[in-house]
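# Remarks on the overall topology
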Amino acid sequence: MAMDVIDYEIFGDDIQFVELELDPGEAAVGEAGAMMMMQDGIEMDTVFGDGSAQSAQSGLLGKLMGAGKRLLTGESLFTTIFHNEGTSKRRVAFAAPYPGKIIAISLPDIGGTMICQKDSFLCAARGVSLGIAFNRKIGTGLFGGEGFIMQKLEGDGMVFVHAGGTLAIRDLAPGETLRIDTGCVVGFQPSVDFDIQYVGKLKSALFSGEGLFFATLRGPGRVWVQSLPLSRLANRIIKAAPVAGGRSVGEGSLLGGLGGLLDGDND
Amino acid sequence: MEASYPAQIFGPGLPATGRTGSLRLFPAGVEAILPDDSRRVAATLTELRLREVGFGQPGLELAWTAADGEWLIHVLDPASSAALRAQWPAAAVPGLQALQAHERRQRSRRRLGWSALALIALSPLLLVGLFWLQADRLAAWLAEQVPIAEETRLGRTTFAAMRGELSLIDEGPTYAALATLGQRLTAGSRYTYEFHVVADPTLNAFALPGGVVVVNTGLIAATSSAEELAGVLAHEVQHVELRHGTQTLIKGLGWQAVWMFATGDFSNTLAGQAALQLGRLKFSRDAERAADKQGFEALVRAGINPAGMPRFFATLARQDGTGAAPFLSTHPSSQDRQAALESMLAGLNGRPFSALALAPWPPTASHADQLQQ
């Protein structure tokens, strides 16, 4: 199946957007609500399923199954496809939903498949199929919750994934393991073994402020890690928001400054 | 011709993300082919270490140690990895049997895990089901644990709350007759009874836990003898004696608790609902039948002719369907009950009973006017 080869450019430093250049007839698939702007000549189309040729070929039952999976994971049933109906190159831009980095990943370079966290997908060339993958290790479903249902990006085009905060890429050697806060996992190659592990010590589970579980990733393969999961950012914002019981201190006030000194910036 | 499978190859000199190539299978070994530099690496079957890999789908890892280092081949596509397994005779690959055993263990563990998850998810439903089956027995047992003083207090408090809406006629010949009959029927009871007449033309009577029995004037007017009223009283008294009110209340509260647990809606308070429920108690058909039976026996014990009981049901049956008797709406069909009572009556083999010294019925003419309202 022919993939659309997309030229792209990423703008901004920490609150980024990516601009895709589509040749006539080329198309991109975007996450609902991620579109920022598009030029004349680009048409928007909403299709049932993930917009890949694979889902177009499958029968009604296959479509329903796909829809069921998407419903189960809380994704929208429809995917928006942006295709260039003009006669020259046109651009469409997708913006990151919160501060972080946009990662451009060429799927053929990593074996054609990437597993990523549900909400980190931003956009992709048409032909990349957006699937759902359930971790086969039941423990992750029982204890972790997070990391049990992931998104599977498959194909041989470019995908754009968003990581919150600063991005770390780790290449794991065979057998090498890395323990990651479950929320900080952006994605990994399918060759990486993903498991959820209990922190191990009751005391640290209760008082360390970390979650009860780690994601343990075992090589070989590449792992993408984000420094700031949205939930962590949201927690801090809620804590600081006056309506939610946080303190509202004037930035310039003496007390405010003192309060800040004493307060520290502990999470 | 040997089959070829798509594979991700990790090894010395290759990028950490591996390289996409293919795997070929020979009777004695495997060969990995890297597409761009057309390098080939091979291993014999006995060298191979196998492991299950892959997120969300069963893939296969083939690993071996070569002279230049460690090689790993991942066949992640489920169809390919299944085909690969199928083509290997288990005996030829030492690792395969261990892998299969491991996978069997994994599968049973997964099944156990899913069952546990399902059990947890379904536990509210199971609880509801269990409660549904055992509610009566459970409520009966719990009602037995309630002290009589507590039941009495409950009944009296409820009656005090209802009192404002009822116009009581607790004097005169009708009341005296009712009280006399009641005393005779409840002699030796562990409860202290109080009887009340309410000026209400509807054909109704009810009992509250702890011994409050209330009869409407409409019901008294419909009776044609003291024995018939005694039958109704005996029935109501047995609701108290058998603790039907308390049981129904407990069942109702239990259902609320179960409902709250099942739905996670804890917004209603238990206590607030309790008083509400007592006011409009409805007993189950089984409870009604039990009250009929025990009531009949109580009449016989008290030396009152129980024939009045089925006779009154005959009167009720005639009124059935007119909607005039709320007493009926909550009760099993009058005909059924009448039939059951008549067969009990036949069982007495025409035992003689002295007529109640309350004739003529209704008690006095002056009250008859009031009763006709």
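What comes next is a walk through the structure. (Residues numbered from 1 in each chain as written. Chains lettered and ligands numbered in written order. Predicted model: local features only at pLDDT ≥ 70, side-chain atom pairs only at ≥ 80, totals over all residues. Heavy atoms only, no water.)

### Some points on the interface of chain B and chain A
Of the residues lining the interface, 22 residues belong to chain B; the matching set on chain A comes to 29 residues. Buried area between chain B and chain A, both sides added, is near 2000 Å², and the carbon and sulfur share of it is 63%. Among the residues chain B hides against chain A, the three largest losses belong to B:Thr17, B:Phe55 and B:Arg110. Together they make up 35% of the total. Counting across the interface, chain B meets chain A through zero salt bridges. Across the contact surface, chain B and chain A share one residue pair in polar contact (both at pLDDT 80 or more). Sorting the residues of the side of chain B that touches chain A by element identifies β1 (4–10), β5 (49–53), β7 (69–75) and α2 (94–145) of chain B as the ones contributing at least two each. Top element by residues in the side of chain B that touches chain A is α2(B). It accounts for five residues. Across the side of chain B that touches chain A, the residue classes tally to eight nonpolar, nine polar and five charged. (Contact = heavy atoms within 4.5 Å. Buried area = accessible area lost by both parts, 1.4 Å probe. Salt bridge = Lys/Arg side-chain N within 4 Å of Asp/Glu carboxyl O. Polar contact = N/O pair within 3.5 Å; in protein donor to acceptor, adjacent residues only side chain to side chain. Helix = DSSP H or I, 4+ residues; strand = E, 2+ residues; numbered from the N terminus. Nonpolar A, V, L, I, M, F, W, Y, C, P; charged D, E, K, R; others polar.)

### A closer look at the sheet that holds strand β8 (residues 194–198) of chain B
Adjacent strands of a sheet pair through backbone hydrogen bonds, lying either parallel or antiparallel. Residues and elements named next belong to chain B. Taken together, the three strands give an open sheet; going across it, the order is β8-β10-β9, and neighbouring strands pair in mixed fashion. What marks the edges here is a single partner per strand, and that holds for β8 and β9 (205–208). If you compare each strand with its neighbour and ignore which way they point, the axes differ by 15° on average. Across five bridges, β8 lies against strand β10 (residues 212–216) in parallel orientation. Counterpart to Val 197 in the pairing with β10 is Val 215. (Pairing = 2+ DSSP bridges. Axes fitted to C-alpha atoms, helices over the stretch in contact; angles between N-to-C directions.)

### Considerations on the pattern of salt bridges
Residues and elements named next belong to chain A. Taken as a whole and assessed by the stated rule, the structure comprises 20 salt bridges over all chains. For Asp 23, the salt bridge identified is with Lys 89, shortest N-O distance 3.7 Å. Placement of Asp 23 in the loop between β2 (17–22) and β3 (27–30) and of Lys 89 in the loop between β6 (78–84) and β7 (90–95) is noted, with a sequence separation of 66 residues between them. Under the relative-accessibility criterion, Lys 89 is labelled partly exposed at 43%. Three or more residues joined by partner-sharing salt bridges are found here, namely Glu 9, Glu 19, Glu 21, Asp 23, Lys 89 and Arg 91. (Buried < 20%, exposed > 50% of the residue type's maximum accessible area, 1.4 Å probe, protein only.)

### Quick word on the nonpolar core
Residue and element names in this part refer to chain B. Core analysis: the largest hydrophobic core is formed by 37 residues, its most contacted members being Val 213, Val 215, Leu 219, Leu 229, Leu 233 and Ile 304. When contributions to this core are tallied by element, the ones reaching two or more residues are α4 (172–185), β8, β9, β10, α5 (217–222), α6 (226–241), α9 (285–301) and α10 (308–319). Sequence-distant contacts of Leu 229, that is, excluding residues within four places in its chain, are made with Leu 178, Leu 181, Val 215, Leu 219, Ile 220, Thr 223 and Trp 361. By size, the runner-up hydrophobic cluster in this structure holds 24 residues, among which are Val 30, Ala 32, Leu 48 and Ile 73. (Core = buried A, V, L, I, M, F, W, Y, C linked by side-chain atoms within 4.5 Å.)

### Section: the packing of aromatic side chains
As enumerated under the stated definition, the model contains eight aromatic pairs over all chains in all. Taking 5.8 Å as the distance between ring centres and 85° as the angle between the ring planes, the aromatic pair formed by A:Phe194 and B:Phe55 counts as edge-to-face. Here the residue A:Phe194 occupies a position in strand β17 (residues 193–198), and B:Phe55 occupies one in the loop between β5 and β6 (59–66), the pair thus bridging two chains. The same class applies to A:Phe194 and to B:Phe55, which are both buried. An aromatic cluster is built from A:Phe188, A:Phe194 and B:Phe55, whose rings are joined through pairwise contacts. (Phe/Tyr/Trp six-rings, centres within 6.5 Å; stacked < 30°, edge-to-face > 60°.)

### Brief notes about the sheet that holds strand β18 (residues 213–218) of chain A
Residues and elements named next belong to chain A. Strand order in the open sheet made by the three strands is β15-β18-β17, with antiparallel pairing throughout. Edge positions in the sheet fall to β15 (177–181) and β17, since each of these pairs with one other strand and no more. On average, each strand axis in the sheet is tilted by 30° relative to the strand beside it, whichever way the strands run. As defined by bridge partners, β15 adjoins β18 across five bridges and the pair is classed as antiparallel. From the neighbouring strand, Thr 177 faces β18, where its bridge partner is Arg 218.

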